[in-house]
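Structure assessment
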Amino acid sequence: MKIKPEHIAIIMDGNGRWAKNLNKSRRYGHQQGASSAKNIVKEASSIGVKYLTLYAFSTENWGRPSKEVELLMRLFLETLEKEIDELNENNVRIRFIGDRKNLKDKLITKINNAESITKNNNGLKLYVALAYGAKWDIVNAVTNIFHELEKGMLTKEDIDEITFSKFLQLKDAPDPDLLIRTGGEKRISNFLLWNIAYSELYFCDCLWPDFDKNEFERALEFFASRKRRFGVSTKSC
Ligand code: IPE
Ligand code: IPE
Ligand code: MG
């Protein structure tokens, strides 16, 4: 049997270019992107992937034109409303990672509700990175560690890589084994910097709305072909 990643993280990029190629609006591109995300969640779930983390909106994406930000926020809200029952029926546990301070109350309520409804599900653990930036994640961890030091709940000696990682957003998940980025760019764009230290990186030109079961399979083939060494040589001198 082929080796399967336990945790897959995906930078879902290329919705705008996909729409432009078809002379359609960016809105249409994002809608089709949401549909592609739904299909990949189903697929990951059915092949037994344990953790899936999807990059939906970055800290830097707040800098896009306000019309696009608004339509994305509306799309997140509508998609969550539409999909939550099916996700729950499929035993998916959903959690959101990111900085919620700029999200609208209505969306925060839906997010809390979705997390609470699915909290005891033991199928796919789905993380949606929304208003997420890895630099924010790290600074947020440092701030929270500082508070615990002040309160005496932690001492300086307690701080090591394991303790630090327990303050990050993905504290309950193993590090991603495979990071996929669609859309042709070979960059990380402030996603999970700490957690991807040893992830296998797969970049493809396919634009996110076109990322289907076959494209997913290709990424899994790539992963299965990698020799992971984690810095440890297996050959004797
Ligand atoms: C990814 O698609 C979705 C988000 C970043 C929210 P883009 O909107 O970045 O699409 P391109 O990269 O412009 O094609
Ligand atoms: C990365 O895509 C963020 C998400 C997919 C949510 P961007 O389109 O924002 O990244 P850049 O601007 O090409 O680096
Ligand atoms: Mg993009």
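Up top is the structure these notes are about.
All of these numbers come straight from a predicted model, not from anything done at the bench. (Residues numbered from 1 in each chain as written. Chains lettered and ligands numbered in written order. Predicted model: local features only at pLDDT ≥ 70, side-chain atom pairs only at ≥ 80, totals over all residues. Heavy atoms only, no water.)

As for the pairing of strand 1 (residues 7-11)
The element strand 1 is largely enclosed, with a buried count of five among its five residues. Relative to strand 2 (residues 51-58), strand 1 runs parallel, the two being bridged by five bridges. Across the sheet, the residue bridging to A9 is T53, located in strand 2. Two elements, strand 1 and strand 5 (residues 178-181), share four bridges in a ladder whose sense is parallel. (Buried < 20%, exposed > 50% of the residue type's maximum accessible area, 1.4 Å probe, protein only. Helix = DSSP H or I, 4+ residues; strand = E, 2+ residues; numbered from the N terminus. Pairing = 2+ DSSP bridges.)

Comments concerning the site of ligand 1
In the vicinity of ligand 1 lie 13 residues, with D13, G16, R17, R26 and R64 positioned nearest. Within the backbone of N15, a nitrogen or oxygen atom sits 3.2 Å from an oxygen atom of ligand 1. Between an oxygen atom of ligand 1 and a main-chain N or O atom of G16, the distance comes to 2.9 Å. Cavity membership is defined here by more than half of the atoms lying within 2 Å of grid points; on that basis ligand 1 lies in the largest pocket. Those elements that provide at least two residues to the shell around ligand 1 are helix 1 (15-21), helix 2 (26-46) and helix 3 (66-89). Partitioning the shell around ligand 1 into residue classes produces three nonpolar, five polar and five charged. (Near = heavy atom within 4 Å. Polar contact = N/O pair within 3.5 Å; in protein donor to acceptor, adjacent residues only side chain to side chain. 1 Å grid on protein atoms, 1.4 Å probe; cavity = no way out; pocket = protein on both sides within 12 Å on 5 of 7 lines; lining within 4 Å. Sits in = over half its atoms within 2 Å of the grid points. Nonpolar A, V, L, I, M, F, W, Y, C, P; charged D, E, K, R; others polar.)

Remarks on the environment of R181
Locating R181 in the fold gives a position in strand 5. Relative accessible area serves as the criterion here: at 4%, R181 is assigned to the buried category. Separated by 103 residues in the primary sequence, R181 and E78 place their C-alpha atoms 25 Å from one another. Discounting residues that sit within four places of it in the chain, R181 has contacts with I11, D13, R187, I188, S189, Y202, F203 and C204. (Contact = heavy atoms within 4.5 Å.)

Comments concerning the side chain of R93
Tracing the backbone through its elements, the reader meets R93 in strand 3 (residues 93-97). It is D172 that comes nearest to the buried, bridge-free R93 among opposite-charge side chains, at 5.6 Å. Leave out the neighbours within four places in its chain, and R93 touches T118, K119, N121, L124, K125, L126 and Y127. (Lys, Arg positive; Asp, Glu negative; His and termini not counted. Salt bridge = Lys/Arg side-chain N within 4 Å of Asp/Glu carboxyl O.)

As for the site of ligand 2
With respect to spatial proximity, the complete set of residues near ligand 2 consists of I11, M12, D13, Y55, A56, F57, N61, R64, R181, R187 and S189. N61 is positioned with one of its side-chain polar atoms (N or O) 2.9 Å from an oxygen atom of ligand 2. Contacts to ligand 2 include R181, whose side-chain N or O atom sits 3.3 Å from an oxygen atom. A total of 390 Å² of accessible area belongs to ligand 2 in isolation, and the protein chains cover 78% of it. Under a 2 Å grid-point criterion requiring more than half of the atoms, the pocket assigned to ligand 2 is the largest pocket. It is strand 2 that contributes the most residues to the shell around ligand 2, three residues altogether. (Areas by Shrake-Rupley, 256 points an atom, 1.4 Å probe, with all protein chains shown as cover.)

Notes on the sheet that holds strand 6 (residues 200-203)
Ordered by their spatial adjacency, six strands build an open sheet running 3-4-2-1-5-6, and the pairing between neighbours is parallel. In the strand order of this sheet, the two ends are held by strand 3 and strand 6, each with one partner. Mean inter-strand twist for the sheet, computed between neighbouring axes without regard to direction, equals 20°. Pairing of strand 3 with strand 4 (residues 125-132) involves five bridges; the strand directions are parallel. Directly across from I94, in strand 4, lies its bridge partner L126. Running at roughly 165° to strand 2, helix 2 makes contact with strand 1, strand 2 and strand 4 of the sheet. (Axes fitted to C-alpha atoms, helices over the stretch in contact; angles between N-to-C directions.)

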